[in-house]
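# Secondary and tertiary structure notes
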Amino acid sequence: MQSSDGIPAHWLVQLLKPKRAGVDVKRSVRAAVGIAAPIALGLLLGQLQLGMLTSSGALSATMAMAPGSYRYRARRLCAVAGSATAGILLGSSLGGSGWWTVLLVCLLGIVSAIASDGSDISSLAGLQFLVFGIVGTAQAPLGTNPFVVTGCFAVGAAWVLLLTIGAWPVHPVAPERAMVAAVYRGAAKLLGAIGTEQAHPARQELTAAMNTAYDALLTVRSRLHGRDRAYRRLLVLLTSATAITEASVALLHARHRPPRAVIDAVHELADAIDEDRAAADTRLPDNHARLVRALQSGITNVRRQLVRRADADRRQARDRRTARAWLIDRLTPGRETWLFALRLALCLALAESLGHLIGLERSYWLALTTAIVLKPDFGSVFARAVQRGGGTVVGAALGSLVVLWAPPGWLLVLLVLVIAAMLPIGQVRNYGMFSTFVTPLVLVQQDLLHGDSWGTLWARLIHTVAGCAIVLVFGYLLWPGSRSPRLGGRMTEVIRALSTYLERALTGVPQGSAVLRRRAYRALSDLRAEFQRLLAEPSKAGRQVAAWWPAVVGLERATDAVTRCAVEIQHGAALPDPEDVQRLVRAMTALTRLVDRPGDRAEFPAMPESEQLAGIRTELSNVRSALRGIQRRETGKVQAKT
């Protein structure tokens, strides 16, 4: 589909283009070895079927692999592998029972939906519980002992867990050290990109790196009993990065790229942190620009931290919710969670009933497609349905050809090795690409030893299309509210977070301003992620987000402008007039009114004329213009209808 000027529609571009992401070689190697090794061992021992079942468990754990601390990886993999193992035990024990199986799958869907309400780990665990519960129902009619299936599955998951966290006793803080180093590398990349088109994407990458590092380190520190020097030191280094990142953002907004030697010095800090050594004490050039001096001051401070190798920090407070309170939270999910559970159960019931009534061969694939697509917390339902459909059609064709060909043993291991290595690459770039790689693996693991035919190939492709159609029609098009999300709430949160940060940072109160700055950038990051998810929607939601996008960009630039002004104040600039600061705060309050009440025609308050605050004033004016443009567009549509 193209727009009137011949340019592809925004939702189509968002749907098809892969995300820019580097290749995590270590993760690809772990995926390849984790999934292919059980098949190779089964081949050597003459127990290929057991090797395939073990490889299925390895696949479930591989899909849960993610960067982070060893503790986070262990918790994530154990939760996901445990839930997937429970799912396959239930499915293989109770499947193959006609309408009782339909009821079982619906119940699995409800449990999965409620579990998704907790956190990213519980959401993925809930999905794996449902997916491998459905896969287990496919094992039941084959007469395989469910305890043998479950045991092999658990061994495969444990094997991947060992590969993922095996270095923990030797290098316990290596992942956290890499995350802290990534913050400094992000700052260096941002500084080098100033004045180019890559500057703002680099700033977003820096924000993401900061969020990831803080989440990992604060989570680990909250669970440590006693003083741990390694984590304390890393937290100090991460906190010390604040001065460098703030100065980098300020230089970006000022379009002032620092000397190359300064950028190289930030790179050297990153390398020193990653390699756990002192940084080279290279001479920084004399530079009288206030913002560059602020950056150099931050570099000098971090160099001292690396030499001392220890410093004081305050322990983070631990969340001490009782097990009882946690259980009550999980047993009393909100209205939206129950609605999602109902939607998932309805679509699964339709998929299972269709397979049961028509007598489809390998009908579990229909319910499996429905379950994987209908996970809105993992992205747009529409986008996932289209990407999953396209990717699975290609993947199912490739996988079925492999099954029909039944390649000799070691060639099969080689094929699985190559496809498994591509899983992490597809997972971070495009869901359709991921589906193209994961589908052949599932087919090989489930169907190679049970025979296949050209008829089964076509049936599987039909199942995929039918599953996506069920989700699109009943879980998206006909489901109330799925195409009209509320966009204003998140944007209001961002404006309020920015207002709080501005009021603290520009009135000379440094205590807590760094925390408020991180909070504002985190809210912006969440807002951008939500909007990018909805940009892939061809419905009214997608068009609304495209119209709101200039306001999101304006808020990002306004936050950068506040950071620049705050850094200048910290390094000698005069404080702005308090009344001017309050005018900016009142202006942001007016912006929230424009977001919350589009028909509000109240006069926008006057903003300060101060030259020091000109950058902030300009960006807030741009946000106001963007929001009023949306307001005029919506008002015009209403008048046209009447």
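### Side note on the overall build of the chain
Of regular secondary structure, the chain possesses 24 helices and 0 strands. For the chain, the share of sequence-separated contacts (at least 6 apart) that also reach a separation of at least 24 residues comes to 79%. Within the structure as shown, the chain displays about 28,700 Å² of accessible surface, and the carbon and sulfur contribution to it stands at 59%.

### What about the packing of aromatic side chains?
Applying the stated criterion to the full structure yields 1 aromatic pair. Measuring from centroid to centroid gives 5.1 Å for phenylalanine 132 and phenylalanine 153, while their planes differ by 65°, and the two rings are edge-to-face. Linking phenylalanine 132 in helix H6 (residues 120–139) with phenylalanine 153 in helix H7 (residues 146–165), this pair joins segments that are 21 residues apart in sequence. On the basis of relative accessibility, which here comes to 5%, the residue phenylalanine 132 falls in the buried class.

### So, the packing of helix H3 (residues 48–62) against H7
The contact between H3 and H7 brings their axes to 6 Å, and the two run at 50°. Here H3 lies oblique to H7, going by the angle between them. For the pair H3 and H7, the sense of crossing is right-handed. For the pair H3 and H7, the contacting residues are Leu50, Leu53, Thr54, Ser56, Gly57, Ala58, Ser60, Ala61 and Thr62 in the first and Val148, Val149, Cys152, Phe153, Val155, Gly156, Ala157 and Val160 in the second.

### As for the nonpolar core
In this structure, Tyr184, Met491 and Ile616 are the most contacted members of the largest nonpolar core, which totals 93 residues. Residues contacting tyrosine 184, with those up to four places away along its chain left out, are Leu237, Ser240, Ala241, Ile244, Val266, Leu269, Ala270, Ile273 and Val302. Leu53, Leu77, Ala84 and Ala113 belong to the second largest nonpolar core, which has 70 residues in total.

### Description of the environment of arginine 490
Turning to its location among the elements, arginine 490 is positioned in helix H20 (residues 488–505). Note on arginine 490: relative accessible area 38%, which makes it partly exposed. Linking arginine 490 and aspartate 526, residues 36 residues apart in sequence, is a C-alpha distance of 8.2 Å.

### Concerning the side chain of serine 28
By the secondary structure assignment, serine 28 is in helix H2 (residues 25–44). A polar side-chain atom of serine 28 sits 3.1 Å from the main-chain carbonyl oxygen of alanine 421.

### Details of a nonpolar patch on the surface
Side chains of Leu346, Leu350, Val473, Phe474, Leu477 and Leu478 sit close together on the surface and give an oily, nonpolar patch of about 470 Å² of accessible area. Within the residue set of the nonpolar patch, elements represented by two or more residues are helix H14 (335–358) and helix H19 (454–477). For the nonpolar patch, the element with the highest residue contribution is H19, accounting for 3 residues. With respect to the helices and strands, phenylalanine 474 occurs in helix H19.

### Focus: the pattern of salt bridges
Scanning the entire structure with this criterion turns up 13 salt bridges. For arginine 203, the salt bridge is made with aspartate 560, and the minimal N-O distance between the two is 3.3 Å. With a gap of 357 residues between them, arginine 203 in helix H9 (residues 199–222) and aspartate 560 in helix H22 (residues 540–570) connect regions that are remote in the sequence. The two residues arginine 203 and aspartate 560 agree in class, both being buried. When salt bridges with common partners are traced through the structure, they connect Glu579, Asp580, Arg583 and Arg586 into a single cluster.

### Section: the packing of helix H4 (residues 70–94) against helix H5 (residues 99–115)
Between H4 and H5, the least distance of the axes is 10 Å, while the angle of their chain directions is 165°. When the interaxial angle is binned, H4 and H5 end up roughly antiparallel. Crossing angle aside, the handedness with which H4 passes H5 is right-handed. Facing Leu90, Gly91 and Leu94 of H4, the residues of H5 in contact are Thr101, Leu104 and Leu108. Looking at the contact of H4 with H5 residue by residue, the class counts come to 4 nonpolar, 2 polar and no charged.

### As for helix H11 (residues 260–275)
An α-helical segment advances 3.6 residues per turn. Residues three or four places apart therefore align on the same side. End to end, H11 covers 22 Å across 16 residues, agreeing with the expected 22 Å (1.5 Å per residue, within 8%). For H11, the complete set of buried residues consists of Val262, Ile263, Ala265, Val266, Glu268, Leu269, Ala270, Ala272 and Ile273. One or two steps after H11, the chain reaches aspartate 276, where phi turns positive at roughly 55°.

### A look at the environment of serine 69
Tracing the chain through its elements places serine 69 in the loop between H3 and H4. Looking at serine 69, the relative accessible area reads 3%, which means it is buried. Through-space distance from the C-alpha of serine 69 to that of leucine 217 is 8.0 Å; in sequence the pair is 148 residues apart.

### Remarks on the confidence of the model for the chain
Counting all residues, the mean pLDDT for the chain is 77, and 74% of those residues have values of 70 or more. Scored below 50 in pLDDT, residues 1–8 shows 10 contacts in the model against residues more than four places distant or in partner chains.

### Things to note about unusual backbone geometry
Of note in the backbone geometry, arginine 255 takes a positive phi value of approximately 55° without being a glycine. Topologically, arginine 255 is positioned in the loop between helix H10 (229–254) and H11.

### Focus on the environment of leucine 291
Relative to the helices and strands, leucine 291 is located in helix H12 (residues 290–308). Since its relative accessible area comes to 7%, leucine 291 is described here as buried.

Conventions adopted
Residues numbered from 1 in each chain as written. Predicted model: local features only at pLDDT ≥ 70, side-chain atom pairs only at ≥ 80, totals over all residues. Heavy atoms only, no water. Helix = DSSP H or I, 4+ residues; strand = E, 2+ residues; numbered from the N terminus. Contact = heavy atoms within 4.5 Å. Areas by Shrake-Rupley, 256 points an atom, 1.4 Å probe, with all protein chains shown as cover. Phe/Tyr/Trp six-rings, centres within 6.5 Å; stacked < 30°, edge-to-face > 60°. Buried < 20%, exposed > 50% of the residue type's maximum accessible area, 1.4 Å probe, protein only. Axes fitted to C-alpha atoms, helices over the stretch in contact; angles between N-to-C directions. Parallel < 35°, antiparallel > 145°, perpendicular 65-115°, else oblique. Left-handed = near helix turned anticlockwise from the far one by under 90°. Core = buried A, V, L, I, M, F, W, Y, C linked by side-chain atoms within 4.5 Å. Polar contact = N/O pair within 3.5 Å; in protein donor to acceptor, adjacent residues only side chain to side chain. Patch = residues over 30% accessible without salt bridge, like charges linked within 9 Å, V, L, I, M, F, W, Y side chains within 5 Å. Salt bridge = Lys/Arg side-chain N within 4 Å of Asp/Glu carboxyl O. Nonpolar A, V, L, I, M, F, W, Y, C, P; charged D, E, K, R; others polar. Expected span 1.5 Å × (residues − 1). pLDDT = per-residue confidence, 0-100.

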